[in-house]
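Below are the chains, spelled out letter by letter.
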Amino acid sequence: MHVHELNPIRTTVILIGFTILIIIGLLTINNPRLTYKLSPKNTASLVGGNENYFYPYQLENLINGKDKNTLLFDIRNNFVFGQGHIPGAENVDAIELINEDNIKRLESLKKKGITVVVYGDTQLQANGPWMLLRQLGFDNIKILPGGFEYYNLMKNDLAASKTDLSYLPGNPKFNYAEISTSSGSDTLPRQTTKTEVKVERKKKNSGAEGGC
Amino acid sequence: MNRKYIFLAFLLIALGAGLLILPTRSVMKQIDPEKLMIEIMQPTRYVTTDQVAGMIIENDPTIRLVDVRPMNEYAAFSLPGSVSIPLDSIVTPTFIDILKENGMKVIFYDNDDIISDQAWVIARRLGYKNIYVMEGGLNEWVSTIIQPILPPETAPSQEFDLYNQRKGASLYFTGAKIESNDIKAEVKVSRKKKSGAEGGC
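Residues numbered from 1 in each chain as written. Chains lettered and ligands numbered in written order. Predicted model: local features only at pLDDT ≥ 70, side-chain atom pairs only at ≥ 80, totals over all residues. Heavy atoms only, no water.

1. Some points on empty space enclosed by the protein
Residue and element names in this part refer to chain A. The criterion, for reference: With a 1 Å grid laid over protein atoms only, a set of points is called a cavity when a 1.4 Å probe fits there but cannot get out and a pocket when it is open yet has protein on both sides within 12 Å along at least five of seven lines; lining residues have an atom within 4 Å of a point. Grid points are joined across faces, edges and corners, and a volume is the space filled by probe spheres set on the points. Comment: elements are numbered from the N terminus, with helices defined as DSSP H or I runs of at least four residues and strands as E runs of at least two. Residues were grouped as follows: Ala, Val, Leu, Ile, Met, Phe, Trp, Tyr, Cys and Pro as nonpolar; Asp, Glu, Lys and Arg as charged; and all remaining residues, including Gly, as polar.
Per the stated rule, a full pass over the model turns up one cavity of 30 Å³ or more. For the largest cavity, the calculated volume is near 30 Å³. Ranked by the residues each element gives to the lining of the largest cavity, the list is headed by helix H7 (residues 123–135), at three residues. Here the residues of the lining of the largest cavity sort into four nonpolar, four polar and no charged.

2. Section: the pairing of strand E5 (residues 131–134) of chain B
Residues and elements named next belong to chain B. Let me state the cut-off plainly: A pair of strands is labelled paired if DSSP reports no fewer than 2 bridges between them. Seen with its strands pointing away from the viewer, a crossover is right-handed if its path from the first strand over the helix to the second goes clockwise.
One ladder, built from two bridges, connects strand E1 (residues 46–47) with E5; its direction is parallel. Looking across to E5, one finds that Tyr46 is bridged to Val133. Pairing of strand E4 (residues 105–109) with E5, which is carried by three bridges, proceeds in the parallel orientation. By the bridge assignment, Val106 is partnered in E5 with Ile131. For the segment spanning E4, helix H6 (residues 114–125) and E5, crossover handedness is right-handed.

3. Digging into the layout of surface pockets
For the largest pocket, the calculated volume is near 880 Å³. What lines the largest pocket is a set of 38 residues, among which Thr122(A), Gln123(A), Leu124(A), Asp113(B) and Ile114(B) lie closest to the centre. Those elements giving two or more residues to the lining of the largest pocket turn out to be H7 and helix H8 (147–154) of chain A together with helix H7 (137–146) of chain B. Examining the composition of the lining of the largest pocket, we find that five residues originate from one element, H7(A), more than from any other. Of the residues assigned to the lining of the largest pocket, the class counts are 16 nonpolar, twelve polar and ten charged.

4. Overview of H7(B)
Inclusion rule: For every residue, the accessible area obtained with a 1.4 Å probe (protein chains only) is divided by the maximum for its type, and the residue is called buried under 20%, exposed over 50%, and partly exposed between those limits. Whether two residues are in contact is decided by their heavy atoms: any pair within 4.5 Å suffices.
The buried count for H7(B) comes to eight of ten residues, which makes it a mostly enclosed element. Of all the residues in H7(B), the buried ones are Gly137(B), Leu138(B), Asn139(B), Trp141(B), Val142(B), Thr144(B), Ile145(B) and Ile146(B). The elements touched by buried residues of H7(B) are helix H9 (176–179) of chain A together with helix H3 (49–57), E4, E5 and helix H8 (157–174) of chain B.

5. Concerning the sheet that holds strand E2 (residues 90–91) of chain A
All names here are of chain A. Heads up, the condition is: Only the stretch in contact is used when a helix axis is fitted, and all axes are lines through C-alpha atoms; the angle between N-to-C directions ranges over 0 to 180 degrees.
In spatial order, the strands read E2-E1-E3-E4; together these four strands make up an open sheet with parallel pairing. Sheet topology places E2 and strand E4 (141–143) at the edges, where each strand pairs with a single neighbour. Here H7 sits on the sheet and contacts strand E3 (115–119) and E4; the angle it forms with E4, its principal contact strand, is near 160°.

6. Examining the packing of H7(A) against helix H2 (residues 33–40) of chain B
This is how it is decided: Note on terminology: angles under 35 degrees are roughly parallel, angles over 145 are roughly antiparallel, angles of 65 to 115 are roughly perpendicular, and the others are oblique.
Where H7(A) contacts H2(B), the two axes come as close as 9 Å, and the packing angle between them is 170°. In terms of orientation, H7(A) and H2(B) fall into the roughly antiparallel class. Counting all contacts with H7(A), which are made through Gly128(A), Pro129(A) and Leu132(A), the residues of H2(B) involved are Pro33(B), Leu36(B), Met37(B) and Ile40(B). Of the residues in the contact of H7(A) with H2(B), the class split is six nonpolar, one polar and no charged.

7. Looking at the environment of Ile149(B)
Residues and elements named next belong to chain B. Mapping Ile149 onto the fold places it in the loop between H7 and H8. On the basis of relative accessibility, which here comes to 66%, the residue Ile149 falls in the exposed class. Spatially, the C-alpha atom of Ile149 lies 7.2 Å from that of Tyr163, the residues being 14 residues apart in sequence. In this structure, Ile149 is in contact with Ser143 and Tyr163, ignoring residues within four places of it in sequence.

8. Quick word on the side chain of Thr49(B)
By the secondary structure assignment, Thr49(B) is in helix H3. Once residues lying within four places of it in the same chain are set aside, the contact partners of Thr49(B) are Met134(B), Glu135(B), Gly137(B), Glu140(B), Trp141(B), Thr144(B) and Ile145(B).

9. Some thoughts on the environment of Leu168(A)
All names here are of chain A. Following the sequence through the fold, Leu168 ends up in the loop between H8 and H9. Assessed through its relative accessible area of 19%, Leu168 is described here as buried. For the pair Leu168 and Asp74, spaced 94 residues apart in the sequence, the C-alpha separation amounts to 19 Å.

10. Examining the nonpolar core
Rules: Among the buried residues, those of types Ala, Val, Leu, Ile, Met, Phe, Trp, Tyr and Cys that are joined through side-chain atoms within 4.5 Å form a nonpolar core.
In this structure, Leu59(A), Ile86(A), Ile90(B) and Phe108(B) are the most contacted members of the largest nonpolar core, which totals 74 residues. Leu59(A) has contacts with Phe54(A), Leu72(A), Ile86(A), Leu144(A), Tyr151(A) and Leu158(A), leaving out every residue within four places of it along the chain.

Read these as layout, nothing more, since geometry by itself doesn't imply function.
So this is what it looks like as structure tokens:
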């Protein structure tokens, strides 16, 4: 008889223990705190849409308190935030943005249907954090194009930014094809500078002074 | 030995061997959200237009410029040696191979840098490294390389060096002929009127 048959109880206990161990192992490796809810493909399709933007002119209603459904998150560091930020904004440093407490908070905000707008100095600075939050499933997060820089520029007349398109990303500011050829008016201009050089001759002494 | 145990042992060995010969996953493992956030906060992914211009001029064989704009914009104009991978196609298998090239530095660009940055985030999430974003995009390319701005006279000499570098790059990329600066100096000679002799000898 095999040793395992001599001790059936011990064998069974060991087998069950081993199986439980494997099951626990399988369960625990597949449970990270944060998981992506959007596939990379879906992310690529959604990032271009205008519904992702919270426009600067919409900040007016936020600042004067009329908009009660939106929160503003400044993702820059505390020092820069202290130097100047959009009134009413909360400072949530980008790295802190995905810690446990903030994620719980974002989830409850999402449930309540509150929009969260993230901004940085520029749209570029906030782009990464915004994209990450969207991929984690927070579809109530928008981004402020132009960032704090543009807000600062326009803060005395935010409504005017409605007609300004210069701060929106992706717009070509030049006709690249034209500007990169060497034909016609695109050559480096011939610089002709006419400098007028006035040569003044000093007045010859009027006559000989003194004696001959 | 008992036949049962021989059979069990054989089964386990067969399973083990099966695991060994399983094909390695061709899909790279995505990185965790926390890790991605840390990577996002690094500024090391940005390269300047000057750096890109330098690499193109030096014929750096390790760069791969990727235009993430729509195909029609790429067709109208693109940087020399660049390939077109519009943002929404970035995850398709055909293009993913370009990101995988060993030893190549992939540099995303668009009209600005937002779409490039978005492409970067997605590619980084998929696990690709050696990916970069050209800061400022083509708008910056024109303002710095094609049409560099002459620094004011009071600027430090490094700015003038940079300007001259950019002028050289501009000639390279536009194929413009070198125009000389003609300085025509009109010399006005004004002679003061001679007045009569004052006083006497």
